[in-house]
Amino acid sequence: MQYYNGWENKLAVVATDKWNINDKLTVQIGARAEWQRINGDWYPAQNRAEAGKSWVAGNTSPVKKDWLNMTGTAEAVYKAFPNLGTDSKPMSLGLLADLMYIQQAGRLSMFAGADDPNIETSQIPGGSFGIYFNHPVINMISKVTKISRTKFKNNSTFNKKESDGSVTTEKQTISYDVNTLGWTTDILLKPFKGFEMQALLTFQNPKYENYEFDVFGEHFSNSGNIARSVSKTLVELSPSYSWGKYKLWASARYFSKEFANYPNTLIFAGRWETFAGINFKYDKNIDFSLSVVNLLNQSGAQGSISGTNTTTLEQARALYGQPLAGTYIRPLTVEFKTRIKF
C-alpha cells in the first residue's frame, strides 16, 4: 500500500543577464534561489505494524521539510566566422559552451511507501562544449556533454527464492550517483523548397557510481554498471515535405540495446520505432491528420524487469523463455485525428 497526504510549495527568485561582449562573443548567465517545503503526513512501517492486519488503519506520522535549492547557469556563443558565405548564401561557423549547477530536493510522493526515503539534496553539475554551422541548405550543432547527479534515490524491492520454493522479499531505499559523457549531433537539411530532413545522433555512456548495498546478508555493487533502461546509441531520422495545406512526414528512431536491470545481467535488444503520417490544415482553426504508429510492424521490449535487482548471470539464464511483465512498443496502429480551435 502507498499513502501520503499534504502539499508542496516552491517560491523562487530568478535573475538573468546577457552581455554582447563584442561582435563575436555573447555571454548569458542565470541564477535561481528556490525555497521548497513539503508539509503533510505519511504511513511509515512502524505505524503499519501498530495497525496489525488492517492496512488501512493506524496513526500516520507528520512530514515537514524545508530546502533551499540553488541553481546557476552560464552560456557562451562565439561567432568565430560569422561571414563565411555571400549575401545570397550566408554561412557562419562558431563555438558553443554551457555550464550548469542544479540542486534538487525531494517530493512528498517519495513518502508513499513504508520506508523513510531519507531525502538528501541532489547536486547536478554539468557542462558542454561544441560547434555550430549555419547554411541555407544545412544547419548543424554538435556538442560533447558531461553531466552527473549525486544522491539519486531508489526504492528497491529484492526477491530471494528459498530452497523450499518460497520467495523472501526485502525492501530498502538506496542512494547512488550517476555520471555520463555524451556526444550529440543535430543536423537539419533543406535541399529544396518544402523538404526538410532532421537527423539526430547521440552517443552516451551513463554509469552508476557509489552504488553499494547489502541485502539478504550479502554485499552487492552496481558501481561502474551502465544505467538501466538507457540506450548508449540513439538515432532519429525525420524527413518531411510540405506543399500548400499539406504536410507529409515520417520518423524513424533507433535505440541500441538496453540493460533491463541494475546488475546489467538482462538485456533488451536494440529496436527501431517508425512513424509516418499526413497532415491537412483546412484553415487556422481546423486541421486533420492521418498517422501510422510502428509503420514496419516491429516488436520490441523496453523499460525494466522488476524483481531482478540482484540477479546474477547464471540466474538470468533461468529466465530465458519465461513470460515476464514489462513494457513493449506499440503495435501497428492507424490513427485519424481532427482538431478544432475555438
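Draft legend 1. Layout of the overall build of the protein. The secondary structure content of the protein amounts to two helices and 20 strands. Counting only C-alpha atoms, the protein reaches 80 × 50 × 50 Å along its principal axes. The buried share of the protein, reckoned over its 342 residues, is 30%. Considering only intrachain contacts with a sequence separation of at least 6, the fraction spanning at least 24 residues in the protein is 61%. Of the accessible surface of the protein, which amounts to about 20900 Å², a share of 57% is contributed by carbon and sulfur atoms. Computed over 37 positive and 30 negative side-chain charges, the separation of the two mean positions in the protein equals 7 Å.

Draft legend 2. Summary view of the pairing of strand S2 (residues 25-42). Of the strand pairs in this sheet, strand S1 (residues 4-20) and S2 are connected by 17 bridges, and their pairing is antiparallel. Each residue of the ladder has a partner; that of Lys 18, found in S2, is Gln 28. Where S1 hands over to S2, the hairpin turn is made up of four residues, counted between the paired strands. Two elements, S2 and strand S3 (residues 61-81), share 18 bridges in a ladder whose sense is antiparallel. Note that in S3 the partner of Leu 25 across the bridge is Tyr 78.

Draft legend 3. Molecular detail of the nonpolar core. Judged by nonpolar contacts, Phe 158, Ile 174, Tyr 176, Val 178, Tyr 208, Tyr 211, Phe 213, Val 215, Phe 216, Phe 220, Ala 227 and Tyr 262 together constitute the single largest core of 12 residues. Ranked by the residues each element gives to this core, the list is headed by strand S7 (residues 167-189), at three residues. The residues touching Val 178, leaving out its near neighbours within four places in the chain, are Ile 147, Ser 148, Arg 149, Lys 207 and Tyr 208. In this structure, Trp 42, Val 63, Leu 108 and Met 110 belong to the second largest nonpolar core, which totals nine residues.

Draft legend 4. Quick peek at the side chain of Asn 264. Along the chain, Asn 264 falls in the loop between strand S14 (258-259) and strand S15 (267-268). Overall, the relative accessible area of 16% leaves Asn 264 in the buried class. A polar side-chain atom of Asn 264 sits 2.8 Å from the main-chain amide nitrogen of Ile 226. If we skip the residues at most four places from it in the chain, Asn 264 touches Asn 225, Ile 226 and Phe 259.

Draft legend 5. Region of the structure containing a nonpolar patch on the surface. Together, Phe 192, Tyr 241, Trp 243, Tyr 246 and Leu 248 make up an exposed nonpolar region whose accessible area comes to about 500 Å². Looking at the element boundaries, Tyr 241 is found in strand S12 (residues 233-243).

Draft legend 6. Representation of the packing of aromatic side chains within the structure. Enumeration according to the criterion identifies 22 aromatic pairs in this entry. Where Tyr 246 meets Phe 280, the ring centres are 4.8 Å apart and the plane angle is 35°; that geometry is what we call tilted. One end of the pair, Tyr 246, is in strand S13 (residues 246-255); the other, Phe 280, is in strand S16 (residues 271-281), with 34 residues separating them in the sequence. Look at Tyr 246 and you get partly exposed, because its relative accessible area is 37%. Residue Phe 280 is classed as partly exposed on the basis of its relative accessible area of 23%. Here the aromatic rings of Tyr 254 and Trp 272 are separated by 5.2 Å at their centres, their planes lie at 45°, and the arrangement is tilted. Of this pair, Tyr 254 sits in strand S13 while Trp 272 sits in strand S16, and the two are 18 residues apart along the sequence. On the basis of relative accessibility, which here comes to 26%, the residue Tyr 254 falls in the partly exposed class. Judged by relative accessible area, which is 33%, Trp 272 ranks as partly exposed.

Draft legend 7. Just the environment of Lys 245, in detail. Topologically, Lys 245 is positioned in the loop between S12 and S13. Sequence separation of Lys 245 and Phe 280 is 35 residues, and the distance between their C-alpha atoms is 5.6 Å. Apart from the residues within four sequence positions on either side, Lys 245 is in contact with Asn 279, Phe 280, Lys 281 and Tyr 282.

Draft legend 8. Expanded view of unusual backbone geometry. A positive phi angle, close to 50°, is found at Asn 118, a residue other than glycine. Within the secondary structure, Asn 118 sits in the loop between strand S4 (92-104) and strand S5 (122-134). Its relative accessible area of 45% is what places Asn 118 among the partly exposed residues. The phi angle at Asn 264 is positive, at roughly 65°, despite the residue not being glycine.

Draft legend 9. Local environment of the pairing of S13. By the bridge criterion, eight bridges tie S12 to S13 in an arrangement that is antiparallel. Looking at S13, one finds that Tyr 241 is bridged to Leu 248. Counted between consecutive antiparallel strands, the loop separating S12 from S13 contains two residues, among which Gly 244 sits at a positive phi close to 55°. Across 10 bridges, S13 lies against S16 in antiparallel orientation. Paired with Ala 252 across the bridge in S16 is Thr 274.

Draft legend 10. Highlighting the environment of Ala 316. Within the secondary structure, Ala 316 is located in helix H2 (residues 313-317). Along the primary structure Ala 316 and Gly 113 are separated by 203 residues, whereas in three dimensions their C-alpha atoms are 28 Å apart. Residues contacting Ala 316, with those up to four places away along its chain left out, are Thr 265, Leu 266 and Thr 311.

About the thresholds
- Residues numbered from 1 in each chain as written.
- Predicted model: local features only at pLDDT ≥ 70, side-chain atom pairs only at ≥ 80, totals over all residues.
- Heavy atoms only, no water.
- Helix = DSSP H or I, 4+ residues; strand = E, 2+ residues; numbered from the N terminus.
- Buried < 20%, exposed > 50% of the residue type's maximum accessible area, 1.4 Å probe, protein only.
- Contact = heavy atoms within 4.5 Å.
- Areas by Shrake-Rupley, 256 points an atom, 1.4 Å probe, with all protein chains shown as cover.
- Lys, Arg positive; Asp, Glu negative; His and termini not counted.
- Charge placed at Lys NZ, Arg CZ, Asp CG, Glu CD.
- Pairing = 2+ DSSP bridges.
- Core = buried A, V, L, I, M, F, W, Y, C linked by side-chain atoms within 4.5 Å.
- Polar contact = N/O pair within 3.5 Å; in protein donor to acceptor, adjacent residues only side chain to side chain.
- Patch = residues over 30% accessible without salt bridge, like charges linked within 9 Å, V, L, I, M, F, W, Y side chains within 5 Å.
- Salt bridge = Lys/Arg side-chain N within 4 Å of Asp/Glu carboxyl O.
- Phe/Tyr/Trp six-rings, centres within 6.5 Å; stacked < 30°, edge-to-face > 60°.

Bear in mind that shape data such as this cannot, by itself, settle questions of function.
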